[in-house]
Every structure is written in structure tokens, then in C-alpha cells.
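Chain by chain, the residues:
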Amino acid sequence: MPTNVTPAYKKAEEAYRKARDPRERLACLKELLRTIPKHKGTEHLQADIKTRIKQLTEELAGPKKGGRRSGPSHVVRPDGAAQLGLVGPPNAGKSSLHALLTGSRSDVGPYPYTTHLPVPGMLPYEDIHFQLVDLPPVSGDFMEPWFINALQHTDGVLLVIDVSDPDCLEQVPTILERLADKKAFLTPAWPGLQPGEPNETEDPFRLDLPTVLIANKCDLDPDPEEVEILEELLGLRFPALTMSAKTGEGLDELGSFLFRALEIIRVYTKTPGKPPDTDKPFTVRRGGTVLDVAGLVHKDIARGLKFARMWGAEVFDGQQVGPDHLVSDGDIVELHL
Ligand SMILES: Nc1nc2c(ncn2[C@@H]2O[C@H](COP(=O)(O)OP(=O)(O)OP(=O)(O)O)[C@@H](O)[C@H]2O)c(=O)[nH]1
Ligand SMILES: [Mg+2]
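In short, a report on the structure. In this text, all values refer to a predicted model and were calculated from it rather than measured experimentally.

Parameters and conventions
- Within every chain, residues take consecutive numbers counted from 1 along the sequence as written.
- A letter from A marks each chain and a number from 1 marks each ligand, given out in the order of writing.
- Given that this is a predicted model, residues contribute local features only at a pLDDT of at least 70 and side-chain atom pairs are listed and counted only at 80 or more, while totals for whole chains, interfaces and linings are drawn from all residues.
- Side-chain numbers come from the whole structure's heavy atoms, not from hydrogens or water.
- A molecule or strand has a residue near it when one of that residue's heavy atoms lies within 4 Å.
- Identification of polar contacts relies on pairs of N or O atoms within 3.5 Å, with a donor-acceptor requirement for protein atoms, meaning one able to donate a hydrogen and the other able to accept it, and with residues adjacent in sequence counted only if both atoms are side-chain atoms.
- The protein chains shown are the only cover counted for residues, whose accessible areas, like all others here, come from Shrake-Rupley with a 1.4 Å probe.
- Three classes are used, and their members are as follows: Ala, Val, Leu, Ile, Met, Phe, Trp, Tyr, Cys and Pro are nonpolar, Asp, Glu, Lys and Arg are charged, and the others, Gly among them, are polar.
- Between any two strands, at least two bridges found by DSSP are needed for them to pair.
- Going along the chain from the N terminus, every DSSP run of H or I of four or more residues is numbered as a helix, and every run of E of two or more is numbered as a strand.
- Simply put, an axis is a line fit to the C-alpha atoms, just over the touching stretch for a helix, and the angle between two N-to-C directions goes from 0 to 180 degrees.
- Any two residues whose heavy atoms approach within 4.5 Å are treated as being in contact.
- Nonpolar cores were defined as sets of buried Ala, Val, Leu, Ile, Met, Phe, Trp, Tyr and Cys residues, with membership established by side-chain atoms within 4.5 Å.
- Residue burial is assigned from relative accessible area. The probe radius is 1.4 Å, only protein chains are included, and a residue is buried under 20% of its type maximum, exposed over 50%, and partly exposed in between.
- Using only the protein atoms, space was sampled on a 1 Å grid; points where a 1.4 Å probe fits but cannot get out form cavities, open sets with protein on both sides within 12 Å along at least five of seven lines form pockets, and lining residues are those with an atom within 4 Å of a point.
- Grid points are joined across faces, edges and corners, and a volume is the space filled by probe spheres set on the points.
- Start and end positions for the domains come from either an automated domain assignment or a database one.

Glancing now at the site of ligand 1. Around ligand 1 lies a shell of 23 residues, among which K94, S96, Y113, D219 and A245 are the nearest. Between ligand 1 and G93, the relevant distance is 2.9 Å, taken from an oxygen atom to a main-chain nitrogen or oxygen of the residue. Its free accessible area being 650 Å², ligand 1 has 87% of it covered by the protein chains. Each residue belonging to the shell around ligand 1 can be placed in one class, and the counts come to 10 nonpolar, 9 polar and 4 charged.

Once that is clear, we can look at the sheet that holds strand β9 (residues 282-285). With mixed pairing, 5 strands are arranged side by side in an open sheet as β9-β8-β12-β10-β11. On the outer flanks of this sheet lie β9 and β11 (315-321), each paired with one strand and no other. Averaged over all adjacent pairs, the angle separating strand axes in this sheet is 30°, with direction ignored. Strand direction decides the pairing type here: strand β8 (residues 264-269) and strand β12 (residues 331-336), joined by 3 bridges, are parallel. Across the sheet, V267 pairs through a bridge with D331, a residue of β12. Lying over the sheet, helix α8 (residues 290-297) contacts β8, β9, β10 (307-312), β11 and β12, oriented at roughly 140° with respect to β9.

This next bit is on the nonpolar core. Core analysis: the largest hydrophobic core is formed by 30 residues, its most contacted members being V87, L135, F147, L151, L159 and L179. Leaving out residues up to four positions away in the same chain, V87 has contacts with K94, L135, F147, L151, V157, L158, L159, V160, I175 and L179. Judged by nonpolar contacts, the second largest core, of 27 residues, contains A81, A82, W190 and I214.

Take the layout of surface pockets next. A probe as big as a water molecule, rolled over the atoms, marks out the empty space that is left. Considered as a void within the structure, the second largest pocket measures approximately 530 Å³ in volume. Secondary-structure elements contributing two or more residues to the lining of the second largest pocket are α2 (22-35) and α3 (43-61). When residues of the lining of the second largest pocket are assigned to domains, at least three map to each of domain 1 (7-61) and domain 2 (83-261).

What follows is the structure, encoded as C-alpha cells:
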């Protein structure tokens, strides 16, 4: 990793980590390439940045007319309070769960390798939604070459296994290794459960993905201790949820789990003299500010923001606060430019 990087590079790196929109990420990648110190020690990273610029440019361009790359895009634009990817071995029931949780029509098949492309869907929870992206399987034999690209925007992973299948003891370590080879690390650390160590490495492309183990097909293996035994054998400590796409058991636990684990905060906006818009909250994560909310409403509003009036648990009614004021769940804000 490059040592003695410039402040401009550091800034670009931070912006890249924060950026969620693919176009914004592309701009950040170009800025990384522009600001990276050009010497022998950074050659690998320079090459890596160039590859990512090329891939993302192609993804954003979509299918080429008459060109070789005629496939659909593999990057799912983030939507809702957070994006979660469904990762797991073939036939574990990822698509079955996705269809039930989001109402999608993701293909389900009684044989492995049914899913070939990312399929987005929205999981409703109270007055918000989580975006779940169904993905093709990962196995020792095969992983789609673009698989890691599809995880670039995810806030976490649902690691779906078939608890009734003893093969999962080999499948899970294989999946973790394959992803780690591509610099994606599945971790048990979720901000709202046990915060992880801050990522100290200087590699801007390292992905640390909070992961929950979804022990599916519990109808076939009703032993309630099964997941614990499995985690013990695997030497893993992911938080786990037991489910069955056949009986529907355990499915309603997911929304509240994600809400807590990701520390989602809902903020409602209002215009002066009018009641708050309680239909559709804006969502940020814990640590989010009034300015972050303004940015979600509109870039120009964030730019022109002077102060806000707030109603909520942590403020007195109509309190005037600055752009850096932290918001909490259920707050109502009136933005003043
Ligand atoms: N008994 C039982 N069968 C299930 C459950 N979930 C899925 N199945 C069955 O398992 C098979 C595979 O389901 P899929 O949802 O296609 O699995 P997948 O993980 O998406 O498979 P790939 O796309 O190949 O990775 C189908 O025959 C489903 O009906 C479950 O909870 N219990
Ligand atoms: Mg599938």
C-alpha cells in the first residue's frame, strides 16, 4: 500500500468509500488515479484503479450496440434504507427467500445454479424498505467474474445456507475464501450489535461486509440448536436467523434485525406552517446529521442550508439547530436556507 500519500489522495479515498452512487464512485475513482503518487510502490494499486474505472464505465454504459458486451448491467443502484446482498452456495434457497421477502419473481429451481443475474427487490419494514439483491451462487467450482462488482454498493450480506445439508460445512469456508481472494471480507461486526475495528488498511478497495447467517430450510432440520452447532464447527460468530422459505418461519425477524444492526434513523421533513410529511421518511445511519438529511432531499438544499427547526425526543419542540446537529429516529426537521 502506498505510504506518504498526499492529502488530496486521502481525501479522494475517503470520498470513494462514502460514495454510493455508481457515477459518483466513478468520479471518485478518477480522482484517486489523478492524485495517487506515481511511483513503483503504487504500480499495483494504479493498475487496480484503472481496471475498476474500466469496469465501472462499461457497467454504466450498459449493453453495447452490436458489441461484445451485450449482457445486462450487474451493478444494482442502491435504493431504500440499505442494500443487502444474498450470498450463498447453490440451491440454499436464496431466491425462494428473496421472492417471499420482497415479492420479486426471482427464479426458483429444484437444481443448483438457477440464478444468473442480480435481482433487486424491496423488503418492507414499518415505513421504510431495505433493498435485497438476489445473487447467483458461489461455490468451489464457480463464481461469476462480476460477482464482487455486485457487492460494491451493499451495506451487508445475508449469507444463506441450507441447514439441513451437511455440505454447508465445506461450502461456507469456500465462499469466505473466494470472496477474501477478491478483497471482500464477511464480518460478524454490525454497527448496532458489536462495532468492528475501524478498517486501518490503506487499501481503498477492501470491502468489510457485515454479515448475518441465514439458516434456511429449518423445516427440514427442526433442531433449534443446529445453527449454534454449525457455527461452533465452522469457528464462526455471525449473528444468525433461522428461516424456512417453505413454511415462512422466521421471515418477519429480518426487517427488525437489519433496522437495529445497521442503526437506521428515520427523519421526517416538513415545510414551515404545514404538518410534517409522515408518509415517507428519509433514512440515515447513526451519526447522520441535519446536513446529511438535507443532502437526501436535494443537493441544492444541502448547499444552501443555514439551520433547521426540529421536533423529536432529543430536542425541545421547534428547536433551532445547525447543519451538524445529529438526528435521531423519528425526528421531524424543517430545513431553512
Ligand atoms: N424444504 C425447503 N425447501 C426449500 C426452502 N427454501 C428453498 N427450498 C427449495 O430449494 C430449492 C432451491 O431453491 P432456490 O431458491 O432456487 O435456491 P437458490 O439458493 O436461489 O439457488 P441458486 O440460484 O442455484 O443459487 C427449490 O427446490 C426450493 O423450492 C425451505 O426453506 N425449505
Ligand atoms: Mg437463486
